Amino acid sequence: MSFLKNIFSGSENQNNSNSKMDWNNLTDLEELKTIITNSYEKPVAIFKHSTRCSVSRMALKQFENEFDLSNKVTPYFLDLITYREVSNAIAALFGVVHQSPQLVVIKDGKSIYDASHSDIDASVLTAIV
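Quick look at the structure, then. Note that the structure is a prediction, hence the values are computed from the model and not measured. (Residues numbered from 1 in each chain as written. Predicted model: local features only at pLDDT ≥ 70, side-chain atom pairs only at ≥ 80, totals over all residues. Heavy atoms only, no water.)

1. Looking at the overall build of the chain
Regarding its fold elements, the chain presents 5 helices and 5 strands. Counting helices and strands in the order they occur from the N terminus, the chain gives α-β-α-β-α-β-α-β-β-α. Of all intrachain contacts in the chain linking residues separated by at least 6 positions in sequence, the fraction that spans at least 24 positions is 67%. (Helix = DSSP H or I, 4+ residues; strand = E, 2+ residues; numbered from the N terminus. Contact = heavy atoms within 4.5 Å.)

Shown next as structure tokens:
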């Protein structure tokens, strides 16, 4: 029963104490400028998450379990339901088609990788950063 509760439960807190991720919350359009600037020093991974979608929740949990590059990649979390305008700006600014869930990796101010749904795989980051 706990398994089903984890999959189908309502909106969760992205800073869940069970998560080993040290997420930076992306909540403002101005933060995209900071992400671009910082991506010249260290790649940035933006995880776009729908808090209403069980597929997104499963992709997020899998990504969090696999991610082990905090020293090489700065992770950002976007609740795209609450911050839809930021999600739309990411699509326009980096030339990626909006998806949910979606992982977008920014390096040197440009998107170098994006994946959605079951294609989201934290281990791929090792090869591209």
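Moving on from the coordinates now.
2. Regarding the sheet that holds strand S1 (residues 24-25)
Spatially, 5 strands are ordered S1-S3-S2-S4-S5 in an open sheet, and the strand pairing comes out mixed. Edge strands, defined here as strands with exactly one partner in the open sheet, are S1 and strand S5 (110-116). On the sheet, helix H3 (residues 54-66) packs against strand S2 (44-49), strand S3 (74-79) and strand S4 (102-107) and is oriented at approximately 150° with respect to S2. (Pairing = 2+ DSSP bridges. Axes fitted to C-alpha atoms, helices over the stretch in contact; angles between N-to-C directions.)

3. Brief notes about unusual backbone geometry
Going from serine 100 to proline 101, the amide bond is cis rather than trans, its omega being -5°. Even without being glycine, aspartate 108 reaches a positive phi, approximately 55°. Looking at aspartate 108, the relative accessible area reads 38%, which means it is partly exposed. Look at histidine 117: it is not a glycine, yet its phi comes out positive at around 50°. Tracing the backbone through its elements, the reader meets histidine 117 in the loop between S5 and helix H5 (124-128). (Buried < 20%, exposed > 50% of the residue type's maximum accessible area, 1.4 Å probe, protein only.)

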